[in-house]
Amino acid sequence: MSGTLDDSGAADSRAGDSRAAVPVAVGAAVGQSIDVLQARSRVDGTVEFALNAEVPGMTHARLLRSPYAHARIVSMDVSAAERLPGVVSVLTAADFDRPGAPHRYHGPVVRDQPVVCGRRVRFAGDPVAAVAAESEEIATAALDRIEVVYEELPRVTTVEEAMADGAPLVHDRPPEVRDHGYADVRLAGVGGNVCTKFQLRKGDVDAALAGSDVVVDRTYHTPAVQHVTMEPHVVLATYDRRACALSVLSSTQGPFAVRDALCEMFRLPSSSVRVVVPPLGGGYGAKTYAKFEPVAAALSWKAGRPVKLVLPRDEDFLSLTKHAATIRMRTGATFEGRLVARDVQIFFNGGAYADISPRLIKNGGYSCVGPYDIPHVRIDSYALYTNLPPAGAYRGYGVSQAAWAYEQQMDELADVLGIDPVELRRRNLLVKGEAYATGEIMDEAHWEALLDKAAAAVDWSPDSRRGTGPSGRLRGKGVAVILKSTVTPSTTHAAVRLDADGTMQVFSSAVEMGQGAHTVLAQLAADAAGIPVANVHVTAPDTQYTPYDQTTSSSRTTRAMGGAVTKAARVVRDRVRRLASELLEADPDDLVVSGGTVFVAGVPSRNLSVAEVCYRTRTGSISGDGDVVTSGGLDPETGQGVASDHWHEGAASAEVEIDPATGKVYVTNLYVAAYAGRVVNPKLARLQMHGSALFGMSHALYEELVFDNGVLTNPNLSEYSIVSMGDMPRHLEVELLEEPGEAGIHGLGETGLPPVIAALGNAVASATGARVRQLPMTPERVLQAMEARGATEERDALRGLEER
Amino acid sequence: MTEGGKITVSCVLNGAKTDLCGEAAQPASEALRREGLFGVRETCSLGVCGTCTVLLDGEPVSACILPFYALEGSEVRTVEGLESGGRLSALQQQFIESQAFQCSFCTPGFLLSAAALLDSTEGALTDEQVEEGLQGHLCRCGCYETVKEAVRAVAARRHGQDAGRGAR
């Protein structure tokens, strides 16, 4: 299988579907705040990050990168670098012309990204050569000895420039579409600098807007930001020429996406490409799909030795970004506050290469409706190529951008209508059984409960939205509610093996990146098999042994992998019951497996340990498989169909204080809530919410990649600010909604992030009476907005005088 | 002592007298990692994120901008040196219980600065004191709240014990 997934495209009936995720109940392990697996290694410095990896004969790699955003490579001379003692190999585009060489281009959707550039560079930072040397110092020194002559080309760096008539083209030819791409991703509207387009059509938007009592028409901006994982990208690649096999240790969130990319690049069967993934020092989307594995692998192929690449921090900043976006949104409503129509054009700055933009802009596009019932909707969402570093997956996955726009617009609409913002939302929230704008029926809808909780957390009342605090600080409150999809369709497999002593191995390709994936999988496996969680070991992903999983992203692992592991463990439990049946002289259906013991239901004294059952039946091990395979898909013309297997629901509220002299925003109170269904590990779940809250706060107030002529000017942690401990809200609270009994697990990795940004935006606007529509809300922008409001008020006042 | 561009420094590393060899100006973080102390991790390489923190004579310093020669004659402690006799310190244990980490890449730095903070203060700690003591540390996963809980819990327990002793 090479990334070829279910392409039915049809809406499924999830009830009774054997491939759907499974609901689970609180048990001996599930629902308990157990410590993370291998907790000790997390606090004594011994976690085996990829950064620590070493193999005999290993070389160290560095990349030479283009200083120009867009240029032609006139000539390149690497001879002086090759002569430097200690240099093992220098890789350039010319190496890919040799017979039997790997493909030079890769990409998860379209093959548009060169491993190293040939004739042209498309962003400042595009790799043009790679050096393998005996030490990192030598590799670095070798970079200075490579002579490259560039001829600068006209560039486009903003979406406006990219769309202008006669704009320079980032790619001259249409991209080569990958043979076996992802089923949910279709390219449309390709041409010029348009990488792809997604559209959604529902009802008659023009007529509905014309008939609306009020229409709010605004444009919102969000900048490119970086993931800033504390551990950079690390790859250790070993190409074995004799065996024609490739082994890669990588800090990736997508072991199988990387494997498939390398298989295609090197024309190798999947049995010859092995990707192993140790724990990651943070992911947040940065490490999805092949990133630096292709260049490390190609360098090892040329050098004939293992190659380790550790990205320096400034280069990590160039690896991938969150999409900058410009969102023009018009929403029409009745005087009574019923939403009637929404018209959206959303432009995502995709940077130089497509990466996963075609999926992200689809999700970001349809998400612009928000958790609301809007009868008439028209959305056009674009990914544009520009001469900036590639943009791709980022915690929130397009929804941060969309929600920044639609939740600000809800408050702006509320102000126009003179309706309380919480009340306006309440009147329009989707309820269970209603259809989303894609036509799919919402099986669950908890937004009203989430909104009520968020409002209560900041003691919301219509007349307490704004006020004045100590020393003249302006106070304001804001709320936001959001919905977020998960990648659909998607495929996850898992296997477990119960050994004769009653311990279990879980074979899973879920990547442990700090979210606690392996711990919750152990909890789920333990309860499903009926053994203590201490008896469960979870393997690290190894594509040679662990079953296929699409990706550790999209807030999907606890539900999808958890479901697959639960099914696999139940297979094993049922086998144990059958084996024990004769020994205990009872029907298998009358046997219970719990805590590592098999007993007759209602007669706990008639029991045997699982180990004893295995011993007496001469059973060495028992294996089980499980999977979760979802289906869905959207019509490319209308955007109608099934966008998401299930939906993530979140809300946030915030209270801020603003110094009117400086414009600085202080967050005094931040509350985030999400629908969880079933929480597997409360203390880990809480931290996922904290993480989202602080990411959201950081995006709202601090983070922005600043480019000058396409060159990133702040690729370091002294000039690029992320939230620190001192910036923490005075009060931070998170809450998770659960169901009694058996309930479906809803992922929590991202749900809290988008509403926090929007809630802070609304709180700032409440406090100042002036809306900042461009993130981040820096002191300068807050002051500018306040001054603009002041000028408007003055003008209105003057006009009022004149009219009198 | 110099030899072929390299120098040897003598220090007390995690309680043991140690001679380390390296280039004088190279970052101490690299030299320590070469010793197998992988708890010393670089993130920003500028001394602003706190990830590579080590204790130099009890004071937290960023090892990524600390020249190797500066280790000479000092007492150096890395996260590997926080436990004693194979047992985690109370602070490390509390980090696990409070879940004061996610990916844990930055955790050694937090632990070392928190240990220094606890060593240099008496009694219970306020949120503000913890924030001040750990100001130079970034955690992208967003564990500041639970880090504060963990450090304050250890301080409070210690305070309780002190108070208990005082009463006797």
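These figures come from a predicted structure and were not determined experimentally.

1. Re the nonpolar core
Then step 1. Membership of the largest hydrophobic core comes to 213 residues, with the highest contact counts inside it found for Met777 of chain A together with Phe95 and Val151 of chain B.
Then step 2. Sequence-distant contacts of methionine 777 of chain A, that is, excluding residues within four places in its chain, are made with Trp404, Val665, Ala700, Leu701, Leu760, Gly761, Val764, Val772 and Val782 of chain A.
Then step 3. Ranked by size, the runner-up nonpolar core spans 39 residues in total, among them Ile531, Ala560, Val565 and Val598 of chain A.

2. Topic: the interface of chain B and chain A
Then step 1. Across the contact, 45 residues belong to chain B and 49 residues belong to chain A.
Then step 2. Between chain B and chain A, the buried area comes to about 3900 Å², and carbon and sulfur atoms account for 62% of it.
Then step 3. At the junction of chain B with chain A, the criterion picks out three salt bridges.
Then step 4. Between glutamate 83 of chain B and arginine 40 of chain A there is a salt bridge, with the nearest N and O atoms lying 2.8 Å from each other.
Then step 5. Remark: the boundary between chain B and chain A carries 21 residue pairs in polar contact (both at pLDDT 80 or more).
Then step 6. Broken down by secondary-structure element, the contributors of at least two residues to the side of chain B that touches chain A are helix H1 (28-34), helix H2 (90-97), helix H3 (107-120), helix H4 (127-133) and helix H5 (144-167) of chain B.
Then step 7. The biggest single contributor to the side of chain B that touches chain A is H5 of chain B, with six residues.

3. Re the domain arrangement of chain B
Residue and element names in this part refer to chain B.
Then step 1. Domain annotation of chain B identifies domain 1 (3-78) and domain 2 (90-157).
Then step 2. Residue-level contacts link 15 residues of domain 1 with 11 residues of domain 2.
Then step 3. When the two sides are added together, the surface that domain 1 and domain 2 hide from each other amounts to roughly 950 Å², 63% of it contributed by carbon and sulfur.
Then step 4. Applying the counting criterion to the domain 1 and domain 2 interface returns zero salt bridges.
Then step 5. The interface formed by domain 1 and domain 2 includes five residue pairs in polar contact (both at pLDDT 80 or more).
Then step 6. Looking at which element gives the most residues to the side of domain 1 that touches domain 2, the answer is strand S4 (residues 53-56), with three residues.
Then step 7. Residues of the side of domain 1 that touches domain 2, tallied by class, amount to five nonpolar, seven polar and three charged.

4. A closer look at the pattern of salt bridges
A side chain of one charge can pair with a side chain of the opposite charge if their charged atoms are brought near each other.
Residue and element names in this part refer to chain A.
Then step 1. Applying the stated criterion across every chain yields a total of 55 salt bridges over all chains.
Then step 2. Between aspartate 44 and arginine 40 there is a salt bridge, and its shortest N-O distance comes to 3.3 Å.
Then step 3. On the basis of relative accessibility, which here comes to 7%, the residue aspartate 44 falls in the buried class.
Then step 4. When the shortest N-O distance is used, the salt bridge between arginine 338 and aspartate 373 registers 3.3 Å. Here arginine 338, found in the loop between strand S17 (324-333) and strand S18 (339-351), pairs with aspartate 373, found in the loop between helix H9 (357-366) and strand S19 (376-385); they are 35 residues apart in sequence, far enough to count as distant.
Then step 5. The partly exposed category is assigned to arginine 338, whose relative accessible area is 33%.
Then step 6. One continuous salt-bridge network, built from bridges that share partners, spans Glu407, Asp411, Asp415, Arg425 and Arg465.

Conventions adopted
- Residues numbered from 1 in each chain as written.
- Chains lettered and ligands numbered in written order.
- Predicted model: local features only at pLDDT ≥ 70, side-chain atom pairs only at ≥ 80, totals over all residues.
- Heavy atoms only, no water.
- Core = buried A, V, L, I, M, F, W, Y, C linked by side-chain atoms within 4.5 Å.
- Buried < 20%, exposed > 50% of the residue type's maximum accessible area, 1.4 Å probe, protein only.
- Contact = heavy atoms within 4.5 Å.
- Buried area = accessible area lost by both parts, 1.4 Å probe.
- Salt bridge = Lys/Arg side-chain N within 4 Å of Asp/Glu carboxyl O.
- Polar contact = N/O pair within 3.5 Å; in protein donor to acceptor, adjacent residues only side chain to side chain.
- Helix = DSSP H or I, 4+ residues; strand = E, 2+ residues; numbered from the N terminus.
- Domains from an automatic or database assignment.
- Nonpolar A, V, L, I, M, F, W, Y, C, P; charged D, E, K, R; others polar.

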